[in-house]
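# Notes for the structure review
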Amino acid sequence: MGKTTTATLLEMKRQGEKITVLTAYDWATAKLLDEAGVDVLLVGDSLGMVMLGLENTLSVTMEDMLHHCRAVARGAQRAMLVGDMPFMSYQVSPEQALVNAGRFLQEAGMHAVKVEGGREILPAVRKMTQNGIPVLGHVGLTPQHVHQLGGFKVQGRTDAAAQRIQEDAVALEEAGAFGLVLECVPAPLARTISDQLAIPTIGIGAGPDCDGQVLVFHDVVGLYDRFTPKFVKKYAQVGTVMRDAVREYVQEVKAGTFPGEEHVFK
Ligand code: KIV
């Protein structure tokens, strides 16, 4: 199988083949997800919450992102790699957005960047796409606006709010975005947008009719227990497996049964 590119994703949408996206933040996990056949690895700023223990994503920095992106780039062979631009790295000016986006590609091995927002960030999106940087949009629940939105809540429930999200989606496509994350919006709205756009939509809490799905890796394997949104399916309880393994290690060291004969140099 060849490397996944923006062209691959567009073709997958045309063919009706669903696109799989998961977050990854480190070398070992990136390698594992790549080997398992995930199409796109997103180094999400969610790393602030699931890797760094922060309350939200707002204090994640460019340096945090680049550090984790470099590790992921070393682990993946086939998947397309998308780096999430952190809060205030693209909102101040299109020029600053371009400089920061360039760092994801030049210094951290990413193939594309993701930005949150609608019409207010179109100049930045245009600046990046016109200069050869693939951009993945993100509308609906945009976690970098958590304080303005009043929490992590479903968006687009009223006709006016749904229309705003739909118009933002179209505007982002026109600005050159190669795809669009739809987070926490009613499934019928996600379906309408997915039908309307030529570029692929990637849903998270947006129902089954998006062109692909994305989840946070730690949610999927049961490694993050602070909060589990309704849209998450836990495919494993890795946190429990890890805690049990470590408890056993602690017991064996205390009891003097580890290291055993087989672990000792003679
Ligand atoms: O930061 C992130 O991981 C994301 C995805 C959940 C879409 O934005």
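A brief structural summary. Fair warning: this is a prediction, and the values are worked out from it, not measured in the lab. (Residues numbered from 1 in each chain as written. Predicted model: local features only at pLDDT ≥ 70, side-chain atom pairs only at ≥ 80, totals over all residues. Heavy atoms only, no water.)

### Considerations on a nonpolar patch on the surface
Where nonpolar side chains cluster on the molecular surface, the patch consists of Val 246, Tyr 249, Val 250, Val 253 and Phe 258 and spans about 430 Å² of accessible area. One can find Val 250 in helix α11 (residues 238-255). (Patch = residues over 30% accessible without salt bridge, like charges linked within 9 Å, V, L, I, M, F, W, Y side chains within 5 Å. Areas by Shrake-Rupley, 256 points an atom, 1.4 Å probe, with all protein chains shown as cover. Salt bridge = Lys/Arg side-chain N within 4 Å of Asp/Glu carboxyl O. Helix = DSSP H or I, 4+ residues; strand = E, 2+ residues; numbered from the N terminus.)

### A few points about helix α1 (residues 6-15)
Every buried residue belonging to α1 is among Leu 9, Met 12 and Lys 13, and all of these are buried. Buried residues in α1, looked at end-on, bunch into an arc of 100°, giving them a common side. In α1, those exposed residues whose orientation departs by more than 90 degrees from the buried face are Ala 7, Arg 14 and Gln 15. Considering only its buried residues, α1 is in contact with β1 (19-23), β2 (40-43), β3 (80-84) and α9 (187-196). Two or three places before Ala 7, at the opening of α1, Thr 5 has a side-chain oxygen 3.2 Å from that residue's backbone nitrogen. Immediately beyond the C-terminal end of α1, within one or two residues, lies Gly 16, with a positive phi of roughly 75°. (Buried < 20%, exposed > 50% of the residue type's maximum accessible area, 1.4 Å probe, protein only. Arc of directions from axis to C-beta. Contact = heavy atoms within 4.5 Å. Polar contact = N/O pair within 3.5 Å; in protein donor to acceptor, adjacent residues only side chain to side chain.)

### A short note on the side chain of Asp 211
Position of Asp 211 among the secondary structure elements: in the loop between β7 (201-204) and β8 (212-215). Under the relative-accessibility criterion, Asp 211 is labelled buried at 15%. Look past the residues within four positions of Asp 211 in its chain and what remains in contact with it is Lys 13, Glu 17, Lys 18, Ile 19, Ser 194, Ile 199, Pro 200 and Thr 201.

Such coordinate-based values are descriptive only and should not be taken to indicate function.
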